[in-house]
Each structure stands twice: as structure tokens, then as C-alpha cells.
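The chain contents come next:
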Amino acid sequence: MALDLLTQHPDRPRRAGGPPAAPAETPPRRRRSRRQHRVAHPPLLLEEAAAEGEALLRAIFETGPDALVLTDSRGRITLVNVKAEELFGGSRQEMIGESIEILVPERFRNRHVGDRATYAGHPRSRPLDSGLALFALRKDGTEIPVEISLSPIHAGAETFVVSAIRDVTLRKRTEEALRKSEEERLSSMSHMAAYVAHQLNTPLTNIALLTAAATKRSTDPKVLEGLRKIDEQRRTSAGIIRELMRFSSVSGTHRTPLDVRALVEQAMEQVRPSLRDTVTLAKEAPDAPVLIAADPVQMKEVFVNLLKNAAEATDHGQVTIRIANHGAQVRIVVEDTGFGMGPETLRSLFQPFFTTKAEGGGTGLGLAFARSVGTAYGGTITADSQLGKGSVFTFILPTPPREGGSEATAGDAHPGD
């Protein structure tokens, strides 16, 4: 039918059982425009458009910047692009028709099958930066760290999934090198801080004993006032030493399963009495536990420092702390509506002994301590701020290892998150 429509001249009617009738004399016809000609042949247009659309989609799929793997509802690979061949070290002929599990490290395959079945029941899109620690398996047996996004495609009763897979080996190596460098730097500073604290403790103890003894023997108001000021300065110095000792004691070796929600609540209770009347403190957290593995005392101190800093930087408004699971990570975000900070301050914010407070208002070790704790437990802390628009501190920590696995892995990578 379509072929007949495409070959039959529109102005020459057929006679039943014979050749086409001779054309009647008609006035000269105007030349049809390309637009008119195309409108007169819709079947041809549809076929051309379908072919062009399919060719375009295949070109987009083939030239994508990431490895792309298309699987059907049974988890069978139906299509891959050139980047996937390069990433996994095999040809598309070797991969197409195989189970997606051939691209998953063997130690995660059993769990991956179950995860895939769960995903098939509730397919949904997932971005590349999902916070999951994922691994893929190359043809030669080597494992590579990857990021994977998932995009379900519904075609009738069938659901396909496009997985975009990105090799992050180089980035992970760079992050690990930076982490080790930071650990070494903090370790050196911790040893120095411990040495200084130890050396200062003895003379400060002697000062405390001597001023106490002199206070008992004197009745002169001027002398007593002088001794009181000496003791006040001694207490300030002792507080700095305690900060140094705390900073030098971060190791990351003491790991206890903790619910972040409880620690944050304790920190909020500690900070509330010092809040201005014009500042409110709010918490946003899920109903289910949010778990980390760390030292509870150190973690509570980190949250207290972050909340106190936010409260002190806010004349009026709100300080909000948000807690959320994000893949294989826990994110704690502290946001305030305070003064904010400029670029120069942000660059130095986490350096030891750097402070924006007035003299005597702080040691400048609070945020350095938070960063040291984050690094020790495999996490990070970042700050974002603008003058007059408040600040946002984001503290990220890994979730505790799952039973039978080191982290959330490739079992979550493909259909099965």
C-alpha cells in the first residue's frame, strides 16, 4: 500500500483493467514547492523520519562520553557502545547476550542479582554522583572503581535500563594521594602540638601552685588582684593546651557504631544555652538511624564546634543542621543565616590557629580539629559562604562496612540500587 502511494502519480487516475488514461488538457500547473511535495507523501516522510531518528539515536549512543550498556528486564546486555568496549576490554560481540553480572566482580555477583531484581520492581533514574563506592570487572580480571548512572526506558511491556559507566581510577588515586598528604601534614602538626602542650604543662602547673600559695599569704587588695589576673591568664593558657592535646589525639583508630541523630541532638543541647534570643536552632533528620563508625567524643565535639561557630556568626535568623544518608556516605550540613565570609577567609578557614574571632575569642583549632577528625575517618569537610548571605558547612563521612563486604559496591551499581 505504502509503495503504491509513493509510485502512483497523484494527477493520473487509473482505469480499471487498462493502462493509465491519457491526461486531459489542463492549464499549465505551477511547480510544487518542496514543502507541498512533502506534505503530499506522508508515508515517505514517516519512514524517512524514523530512519533518521534511529540513526541519530544510535550516533548519540555510540559517541557518548561514557561507557553505555543497555540491558533488558532479565539483565541481559542488548547494546554497548565503543567506550564500553574500551572500558571493559572486550568486544560488543562478546558482551551482547550475556548477563550484566559478567561486568561485576565475582565477590559481589550474588548480591547484585538480588539488587537487580529489587530495582526491576521500582525502576528509577540515578545520577552518576550517587555517593556509592562501586567497582566493575574488566575482561582481564582487573577491578576498577566506577561511577554509574541508571536510566530506565519503558518500551511496551518491556523495561530496559541504560547504564552510563565512568572510570574514576585516576580521580581516586589523586584523592588518595591528597588524603595521605593531608594525613602526614596533620600528623606532623599533632606531634608538634603534643610536644608543645607537654612542655608548657609543667610550668603552668607550677604557676597555679605558686599563685594559690601567694593568695593565701597576702591580704593586700592590689596583690590579690594581680594574682587573680595571673591565674586568669594561666587558665586561658591551660585551655589552649587542652585544645592542642585534643587536636593531637585524633587518630581514627577508635571506631564505634553511632547514630548521628543522637550525637547531633546532644550537641544541640550543649549549644542551646549560649544562643542569642534572636537565633533559633533547627534539625532536619530522617526517622531511621543514620549510622557511622567513629569516636563519639570526637564526633560530638565536631558538631558542637560547627553549631557554635554558626550561632556566633548569626545575629538573628536560624541555624539548621541537616542529616541524611547519601549512598555509601552520611552528610551532615550546618547552615546559618549569618554574616557570611569572603574568599580570602574561606581559603584559610581550616588552617590550624586561623580564627575570625576577636582576640581571646578562640584558638583557631575548632575547624582544624573538625577537618582532622574527618580525614582520620575517611571523610571530608567543606565550606561555602558569601558575605551577608550566611555559610554552609558540609561534613561527609562513610557509612560503616556492610556484613560480607567492605562498602556499598557494584552490587548497587547496576539495576539493583
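Notes on the structure follow.

It is worth spelling out helix 12 (residues 366–376) at this point. The periodicity of an α-helix, 3.6 residues per turn, causes residues three or four positions apart to be oriented the same way. Extensive coverage of helix 12 is indicated by the burial of ten of its eleven residues. For helix 12, every residue scored as buried is listed here: Gly366, Leu367, Ala368, Phe369, Ala370, Ser372, Val373, Gly374, Thr375 and Ala376. One or two steps after helix 12, the chain reaches Gly378, where phi turns positive at roughly 75°.

For helix 9 (residues 260–271), spanning twelve residues, the distance from its first C-alpha to its last is 16 Å, which sits close to the expected 16 Å at 1.5 Å a residue. Residues of helix 9 that are buried: Val260, Arg261, Leu263, Val264, Ala267, Met268 and Val271. Down the axis, helix 9 shows its buried residues gathered within 160° of arc, on one side only. On the buried face of helix 9, the contacting elements are strand 6 (256–259), strand 7 (279–284), strand 8 (291–294), helix 10 (296–312), strand 9 (317–326) and strand 10 (329–336).

With that settled, consider the sheet that holds strand 1 (residues 67–71). As a general point, the strands of a sheet are linked pairwise by backbone hydrogen bonds and lie either parallel or antiparallel. On the basis of which strands lie adjacent, the open sheet formed by five strands has the order 2-1-5-4-3 and antiparallel pairing. Only two strands of the sheet have a single neighbouring strand rather than two, namely strand 2 (77–80) and strand 3 (134–137). Strand-to-strand twist in this sheet, taken as the mean axis angle between neighbours without regard to direction, amounts to 40°. Where strand 3 meets strand 4 (residues 143–155), four bridges bridge the pair, whose relative direction is antiparallel. From the neighbouring strand, Ala136 faces strand 4, where its bridge partner is Ile144.

Before going further, it helps to spend a moment on the packing of helix 10 against helix 12. As a packed pair, helix 10 and helix 12 sit with axes 9 Å apart at the nearest point and diverge in direction by 140°. One finds that helix 10 runs oblique with respect to helix 12. The handedness of the crossing between helix 10 and helix 12 comes out as left-handed. Contacts from Gln298, Met299, Glu301, Val302, Asn305, Leu306 and Asn309 in helix 10 reach Gly366, Leu367, Phe369, Ala370 and Val373 in helix 12.

Rules used in this analysis
Residues numbered from 1 in each chain as written. Predicted model: local features only at pLDDT ≥ 70, side-chain atom pairs only at ≥ 80, totals over all residues. Heavy atoms only, no water. Buried < 20%, exposed > 50% of the residue type's maximum accessible area, 1.4 Å probe, protein only. Helix = DSSP H or I, 4+ residues; strand = E, 2+ residues; numbered from the N terminus. Expected span 1.5 Å × (residues − 1). Arc of directions from axis to C-beta. Contact = heavy atoms within 4.5 Å. Pairing = 2+ DSSP bridges. Axes fitted to C-alpha atoms, helices over the stretch in contact; angles between N-to-C directions. Parallel < 35°, antiparallel > 145°, perpendicular 65-115°, else oblique. Left-handed = near helix turned anticlockwise from the far one by under 90°.

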